[in-house]
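# Secondary and tertiary structure notes
This is what each chain is made of:
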2 protein chains.
Amino acid sequence: MSDKRSPARRPTMKDVARHAGVSQSAVSFALNGRPGVSEETRDRVRRAAEQLGWRPSAAARQLSGEGAATVGFVLARPADTLGVDSFFLQLVSGIQEVLAERHLGLLFQVVEDVDDECAVYRRWWAEHRVDGVLVVDPRTDDPRPDLLDELGLPAVVIGGAPDERHPGLSTVWADDAGAMASVVDELYALGHRRIVHIAGLPGLAHTERRIRTLRAEAGRRGLAEVESVTTNYSDAESAAVTRRVLGRSAPPTALIYDNDVMAVAGVATAAELGFSVPADVSVLAWEDSALCRMVKPWLSALSRDSVEFGRTAARELTALVDGGPARTVRVPVPRVIVRDSTGVARRG
Amino acid sequence: MSDKRSPARRPTMKDVARHAGVSQSAVSFALNGRPGVSEETRDRVRRAAEQLGWRPSAAARQLSGEGAATVGFVLARPADTLGVDSFFLQLVSGIQEVLAERHLGLLFQVVEDVDDECAVYRRWWAEHRVDGVLVVDPRTDDPRPDLLDELGLPAVVIGGAPDERHPGLSTVWADDAGAMASVVDELYALGHRRIVHIAGLPGLAHTERRIRTLRAEAGRRGLAEVESVTTNYSDAESAAVTRRVLGRSAPPTALIYDNDVMAVAGVATAAELGFSVPADVSVLAWEDSALCRMVKPWLSALSRDSVEFGRTAARELTALVDGGPARTVRVPVPRVIVRDSTGVARRG
DNA sequence: ATTAGTGACTAATACGCTTTAGGTTGGCCG
DNA sequence: CGGCCAACCTAAAGCGTATTAGTCACTAAT
């Protein structure tokens, strides 16, 4: 029934074989670089395949044990949370770059929560759909590493901490703790003593890591008025929290936002409340993007190369799929790009 | 070699058959709702499958003629262009919603240009990897519809104009022309006579459609100082163009930006140049998102439901894949959301 | 009472590929 | 000159599913 819109028939190996005047197995040997055919024949087969525009059927190939030539990527965020987030598109773009070289497909899925995500992994595994997966947003007390271990599905955790309990998983991580330490250094040097960290989703490993580090750094310097508040990464919650903390009798002099969107919303809110940035309050965005240069004042930001992050993760996954060992690699520490939204703390 | 990390073996149909004490074909019949097995056996088989956690191998299924249970989505934008764009993530999110119901996978790829995109379609087709594709960013003089026709690959063009030259393709489109007409109406009524449209990529069908309509509407009203300027959708080009046109001796009193990112960058640039929005110049964003409420003044915007757009497209594609007829469906005309960035034109 | 027909199931085949096990040459050694 | 090995190639099996063609027992119809 769908034949009527299938004018072109896909050539099969048999066609190539007939065309080159050899057996089907010879074609397989020739094109996969196996021994067993003369160079001359190999060439002839290659030309025949080329001419017919033949490409191996992914399904057939997989069925005879070659793997799915596909990796999976699940994004577990409620639909309304993934609005203006530059990070993921950039990450995916980097991932693609590496996968494309190897002609690996990327199976992509957006789900509501981690449970759904686990269900997707199970299904993909059972249906042989992917050779491995990329896991983002690792959490404290995350069910996914155990599951992936159990399934024996090669996986790279992006943004997690090194995890020796799951030796089968590779990890690609950024040193959030180090970055947070340097941020506190910087703000402290500028005289800031009351700092609020508008964090991302509670339960995410890097959120917790940043919060812990901030607390530790504050403790080390004897700062009592330093705190973290978790949000859902949205501009709305950012605005709400900003309004709340700036409304205090002794408002913070510095705000650290866990992404660029929240930082922009925060600056707008501060302006509404009559706070001038950076004169009254300094703002730092934990994620750099074009957004940070689209508002006045330009936002100081922690910059990391998300595209390269993606590339690294994809490279680790392909290595893993090829049977290589699991590894833990650290990408460069995000650097603080000082622009116009941070300055010396106001006295008082 | 990869066996050592494959502790769990995936159950096959044969396992289910053995477990239920029937033949393999009986299992197939039972689970696919075919006649040929008693209700009692069907139940027994179903339970066995359930218990073993069996799921059909996607590859095997496809090899026996069932299609790939996957649709493709290619995004042809240079990596640096897909920074802060809320549209695509929302679109994809809507697409996923519909595909997930049907247990269809989404194979996603980012490429540099349309030629690469065509190559991807050819490869997917030849490798039997997808049952259909979603095409975005249709162009004037687009090679893709012809190619997809030739390959007989079911496809839905998102955002194109109805196209009777390719009866095999479905089209889901928004009425850009109508929207532009209403925008001009609105601005004209506010007294604007000099209008600049900072458009998106030249060559994109909807860009050209908007430009043509703007020109026609201007002509109809005898407005000579109305023009469109194409860009690459980036904040940088938007800023450059904004600076240029506002620097004229008789600057425009209204600016229409083809996306939210450019509009935000435009407002920032206008502010830098000492133009107050909307007192000196009105700004309208052709795309609504959280961004529009993150800058001061809040941006008036053309709003459409991108998630629903994605859902509609995905529904059309599944229908097409199921052998249904190609259709052309129009989503609701984007509505103008008036916020604070548009106002009465300044006299002079 | 024989036959046709039906319901419930099994055996066998196809899908397109990889891989293993043969098979046929020709050259070289003993 | 028989035997053996390497080089080249073909036949056949297997991957997991859907499907087509039986098989068998039993009932309904002639």
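Residues numbered from 1 in each chain as written. Chains lettered and ligands numbered in written order. Predicted model: local features only at pLDDT ≥ 70, side-chain atom pairs only at ≥ 80, totals over all residues. Heavy atoms only, no water.

The name given to chain A in an unreviewed UniProt entry is LacI family transcriptional regulator, with the source organism recorded as Streptomyces cylindrosporus.

### Let's talk about the protein's contact with DNA strand C
As a matter of local geometry, DNA strand C sits amid 28 residues, with Met13 and Arg34 of chain A together with Ser23, Ser38 and Thr41 of chain B nearest to it. Gln24 of chain A has a polar side-chain atom sitting 3.4 Å from a base oxygen of DNA strand C. Taken together, the residues of the surface near DNA strand C break down into 11 nonpolar, 13 polar and four charged. (Near = heavy atom within 4 Å. Polar contact = N/O pair within 3.5 Å; in protein donor to acceptor, adjacent residues only side chain to side chain. Nonpolar A, V, L, I, M, F, W, Y, C, P; charged D, E, K, R; others polar.)

### A short note on the domain arrangement of chain A
Assigned domains within chain A: domain 1 (3-56), domain 2 (70-175 + 306-331) and domain 3 (176-303). The straight-line distance from the C-alpha centre of domain 1 of chain A to that of domain 2 of chain A is 35 Å. (Domains from an automatic or database assignment.)

### Brief notes about the sheet that holds strand β6 (residues 195-198) of chain B
Residue and element names in this part refer to chain B. Strands sit in the order β7-β6-β8-β9-β10-β12 across an open sheet of six strands; the sheet is mixed. Single-partner strands in this sheet number two, and they are β7 (226-229) and β12 (335-337). Ignoring strand direction, the axes of neighbouring strands in this sheet form an average angle of 20°. Across the sheet, helix α9 (residues 205-221) is in contact with β6 and β7; its angle to β7 comes to roughly 170°. (Pairing = 2+ DSSP bridges. Helix = DSSP H or I, 4+ residues; strand = E, 2+ residues; numbered from the N terminus. Axes fitted to C-alpha atoms, helices over the stretch in contact; angles between N-to-C directions. Contact = heavy atoms within 4.5 Å.)

### Describing the sheet that holds strand β10 (residues 300-303) of chain A
Residue and element names in this part refer to chain A. Sheet architecture is open: six strands sit in the order β7-β6-β8-β9-β10-β12, paired in mixed fashion. Two strands in the sheet have a free side with no partner beyond their single neighbour: β7 (226-229) and β12 (335-337). For this sheet the average axis-to-axis angle between neighbouring strands, irrespective of direction, equals 20°. Sheet analysis places β10 next to β12, joined by three bridges and oriented antiparallel. If you follow Ala301 over to β12, its bridge partner there is Ile337. Against the sheet, helix α9 (residues 205-220) contacts β6 (195-198) and β7, and its axis sits at roughly 170° relative to β7. On the sheet, helix α11 (residues 260-272) packs against β6, β8 (254-257) and β9 (282-285) and is oriented at approximately 160° with respect to β9.

### Here we look at the relation of the copies chain B and chain A
Superposing chain B onto chain A takes a rotation of 180° plus a shift of 0.0 Å along the axis, which leaves an RMSD of 0.1 Å. Both copies of the chain, as the preceding transformation shows, are related through a two-fold rotation axis. (Least-squares fit on C-alpha atoms with pLDDT ≥ 70 in both.)

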